[in-house]
Amino acid sequence: MSSTPLVGIIMGSDSDWVVMKAAAEFLKEQNIAYEASIISAHRTPHRALEYATTAHTRGLKVIIAGAGGAAHLAGVIASLSPLPIIGVPVKSSNSIDGWDSILSILQMPSGIPVATVALNGAKNAGILAMQILGTADASLQQKVLDYKAKLAEEVIEKGKTFGG
Ligand code: RP5
């Protein structure tokens, strides 16, 4: 695994890690170097600005941003960074029912996209990060193909228990 992180995983609070660690675990399984940080758009806005404006200069290629409730982290980072931003809505303790987290990340204004995955969908964020990296790295793209083939095999194996 290259030691320079390619993926930045950021989250608004350490309480998000219980969800966000699924992205980290997936990237680790795939030997993709990542870094994880706690950055809050509300509690540490200057740190968020610093991260967003420098992440690409440090070699990061994709940012995964998770937050819950009034989840502005992914959008704020997207407003300043040239990198693709994947947003993970977290059903946090301050979220009413998850929809606040989803809509805060999903409903971005035209011009500032955030690729939003499902509520608590951090594993898919990790997979999407690998797919983005794979567009410029044939070995990573092969890993994406291998992963999809493995998923298909697993479904076929499970299907056998139903006789089909
Ligand atoms: C959000 O508020 C964080 O991303 C987290 O999902 C939520 C609750 O944070 P804590 O009060 O647990 O630190 O900004």
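Please refer to the structure placed before this passage.
In this text, all values refer to a predicted model and were calculated from it rather than measured experimentally.

Colleague: Hey, could you run me through the packing of aromatic side chains in this one?
Modeller: In total, this model carries one aromatic pair according to the counting rule given. Relative to Y147, the ring of F26 has its centre 5.3 Å away and its plane inclined at 80°; by these criteria the two rings are edge-to-face. Here F26, found in helix α1 (residues 17-29), pairs with Y147, found in helix α6 (residues 138-160); they are 121 residues apart in sequence, far enough to count as distant. Each member of the pair, F26 as well as Y147, is classed as buried.

Colleague: How should I be thinking about the nonpolar core in this particular structure?
Modeller: For soluble globular proteins, the rule of thumb is that nonpolar side chains tend to be buried together. By size, the foremost hydrophobic cluster in this structure holds 25 residues, and its most contacted members are V7, I9, M20, I64 and V88. When residues of this core are traced back to their parent elements, those giving at least two are β1 (7-11), α1, β3 (62-68), β4 (85-90), α5 (122-134) and α6. If sequence neighbours within four positions are ignored, M20 has contacts with I9, I10, M11, I64, A65, G66, V88, V90 and A122. Ranked by size, the runner-up nonpolar core spans 20 residues in total, among them Y51, I63, A78 and L83.

Colleague: Looking at this structure, I do not really get helix α4 (residues 99-106). What am I missing?
Modeller: Along an α-helix, residues three or four positions apart point the same way, because every turn accommodates 3.6 residues. All buried positions along α4 are accounted for by S101, I102 and I105. For α4, the angular spread of buried residues about the axis comes to 100°, placing them on one side. Residues of α4 that are buried make contact with β3, α3 (73-80), β4 and β5 (115-116).

Calculation notes
Residues numbered from 1 in each chain as written. Predicted model: local features only at pLDDT ≥ 70, side-chain atom pairs only at ≥ 80, totals over all residues. Heavy atoms only, no water. Phe/Tyr/Trp six-rings, centres within 6.5 Å; stacked < 30°, edge-to-face > 60°. Helix = DSSP H or I, 4+ residues; strand = E, 2+ residues; numbered from the N terminus. Buried < 20%, exposed > 50% of the residue type's maximum accessible area, 1.4 Å probe, protein only. Core = buried A, V, L, I, M, F, W, Y, C linked by side-chain atoms within 4.5 Å. Contact = heavy atoms within 4.5 Å. Arc of directions from axis to C-beta.

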